[in-house]
Amino acid sequence: MKSASTPRLLALALAAGAASLAHAQSAPSVTLYGLLDAYVEYRTHNNAAGDSRTALNSGGMNTSRWGMRGSEDLGGGLKAIFQLEGELSLDTGAGGSSLFGRQANVGLEGGFGRVIAGRSYSTSYDFILPFDPMGYAPVYSWATSAGATGARKDGMVTGVSNLVKYRGKVGGFSFGASYGFGEQAGSFSDGHTVNLGASYAAGPLAVVATVEQINGVSDATTGARDKTRTAHIGASYAFGDTVKLFGVLRDYSKEFGAGGDDNDSRTWWIGANWLPMPGLTLTAAYYAQDIRSSNVAPTVDDPSLIVLRARYALSKRTDVYATLGYADGKDGVVGLSRDDVTFGSDQTGVAVGIQHRF
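From a predicted model like this one, the values you see are computed outputs, not experimental measurements.

Describing the environment of Gly67
The residue Gly67 is located in strand S3 (residues 65-75) in this model. Its relative accessible area of 0% is what places Gly67 among the buried residues. In this structure the C-alpha to C-alpha distance between Gly67 and Gly34, which are 33 residues apart in sequence, comes to 6.1 Å. With residues up to four places along the chain from it excluded, the contact list for Gly67 reads Thr31, Leu32, Tyr33, Leu84 and Glu85.

And the structure:
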């Protein structure tokens, strides 16, 4: 005789299984975020006549941006993740050249680390950022590219499309790798980007190293292609919560498929952050580039940049800041910004701004 309780037990088991599945596949969490940074700046040598300029600009400490990030708990410690992020020009309201040109990726995260696919920052960018005292400031940092103006920026690759990127951590040791597909018919390695990075933190000391290689696209006739290699080593040391010192060396080489001398240089920077009182951070940084060889006559000759900045936190989300910078190109054209065209062998800038994060 079949027990009357069997259907009830079966229903309870199915309900428990459904509850367990619902718990494992929870509703996704989505966050809207942004960073809004505007500043007024006076800058010398802004045209061929040597005139100065005063302007309201976007992104003095960091590039203005907005985005969405989210995750879904898949159970067993595994999460699905995504991020979409675009640049904003706060002075005009315009967006970047692409809707989500900074980040557009999806992936998985768990005990093994994090792996994403799409567009994102390079592994070098991720690992070197904590070792720049100016935090990759768009105008007053040469950490991503030195020389600032002309053909000899000699920097790291920053954003990469068609990217697969991994990052993991074991204790104080972090490691990462990324690969950007060149997507060229007939050659897997044409146009690709390969990037490796590692860092180690123990108490007040942290060290970092990265290497990257970027292949150009092969010439249809000769098969020759350009090849760029970049490597970084760096360290930081914190004296309690008040002083932190930074130092990084970059070795850069670009080999030209058409022949001739390589573009070869070394860039280095040192700096310090000091917190003399709650909310106030004072920063001093010095960036210098040693151009060792050039395929063509360089537009800059061993340029350098010195920067001083005061940053005061009005709250956890809002800062005001003032920055003073001086770039010296010696016998060549140089600028404070890594992007803006300038015309003189030196340039001075003074900026006052506000940044809000949400």
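Alright, that's what it looks like, and here's the rest.
Thoughts on the pattern of salt bridges
Under the counting rule described, the total for this entry stands at eleven salt bridges. We note a salt bridge from Lys79 to Glu109, for which the minimum N-O separation is 3.3 Å. Of this pair, Lys79 sits in strand S4 (residues 78-87) while Glu109 sits in strand S5 (residues 103-110), and the two are 30 residues apart along the sequence. We classify Lys79 as partly exposed; its relative accessible area is 31%. Notably, a salt bridge pairs Arg266 with Asp251, separated by 3.1 Å at the nearest N-O pair.

So, a nonpolar patch on the surface
Together, Phe173, Tyr200, Leu205, Val207, Tyr237, Phe239 and Leu245 line one region of the surface with nonpolar side chains, adding up to about 610 Å² of accessible area. Of all the secondary-structure elements, those providing two or more residues to the nonpolar patch are strand S10 (205-215) and strand S11 (227-239). Following the sequence through the fold, Val207 ends up in strand S10. Taking the relative accessible area as the measure of exposure, Val207 reaches 35% and is therefore partly exposed.

Considerations on the environment of Ile214
Relative to the elements of secondary structure, Ile214 occurs in strand S10. Of the residues examined, Ile214 reaches a relative accessible area of 25% and is grouped as partly exposed. When the C-alpha atoms of Ile214 and His192 are compared, they prove to be 5.9 Å apart, with 22 residues separating the residues in sequence.

Thoughts on the environment of Ser89
Locating Ser89 in the fold gives a position in the loop between S4 and S5. Assessed through its relative accessible area of 23%, Ser89 is described here as partly exposed. Residues Ser89 and Thr63, spaced 26 residues apart in sequence, show a C-alpha to C-alpha distance of 8.4 Å.

Focus: the packing of aromatic side chains
Using the criterion set out here, one finds eleven aromatic pairs in the structure. Arranged with centres 4.9 Å apart and planes meeting at 85°, the rings of Tyr179 and Phe181 form a pair that is edge-to-face. Of the residues examined, Phe181 reaches a relative accessible area of 36% and is grouped as partly exposed. Centre to centre, the rings of Trp268 and Tyr286 are 5.4 Å apart; their planes meet at 50°, and the pair counts as tilted. A residue pair is termed long-range when its members are at least 10 positions apart, and Trp268 in strand S13 (residues 263-277) and Tyr286 in strand S14 (residues 280-293) qualify at 18 residues. Classification of Trp268 as partly exposed rests on a relative accessible area of 33%. Given a relative accessible area of 29%, Tyr286 falls into the partly exposed group. Pairwise contacts between aromatic rings join Tyr121, Tyr125 and Tyr136 into one cluster. Against the face of Phe127 rests Arg167, its NZ or CZ located 4.0 Å from the ring centre.

Focus on the pairing of S14
Bridge count for S13 against S14 is twelve bridges, and the pairing is antiparallel. Its bridge partner lying in S14, Thr267 is registered against Gln289. Counted along the chain from S13 to the antiparallel partner S14, the turn is two residues long, and its residue Gly279 has a positive phi close to 90°.

Some words on the side chain of Thr228
Structurally, Thr228 is set in strand S11. Setting aside its immediate chain neighbours within four residues, Thr228 contacts Glu212, Gln213, Ile214, Tyr252, Ser253 and Lys254.

What counts, and at which threshold
- Residues numbered from 1 in each chain as written.
- Predicted model: local features only at pLDDT ≥ 70, side-chain atom pairs only at ≥ 80, totals over all residues.
- Heavy atoms only, no water.
- Helix = DSSP H or I, 4+ residues; strand = E, 2+ residues; numbered from the N terminus.
- Buried < 20%, exposed > 50% of the residue type's maximum accessible area, 1.4 Å probe, protein only.
- Contact = heavy atoms within 4.5 Å.
- Salt bridge = Lys/Arg side-chain N within 4 Å of Asp/Glu carboxyl O.
- Patch = residues over 30% accessible without salt bridge, like charges linked within 9 Å, V, L, I, M, F, W, Y side chains within 5 Å.
- Areas by Shrake-Rupley, 256 points an atom, 1.4 Å probe, with all protein chains shown as cover.
- Phe/Tyr/Trp six-rings, centres within 6.5 Å; stacked < 30°, edge-to-face > 60°.
- Lys NZ or Arg CZ within 6 Å of the ring centre and 35° of its normal.
- Pairing = 2+ DSSP bridges.

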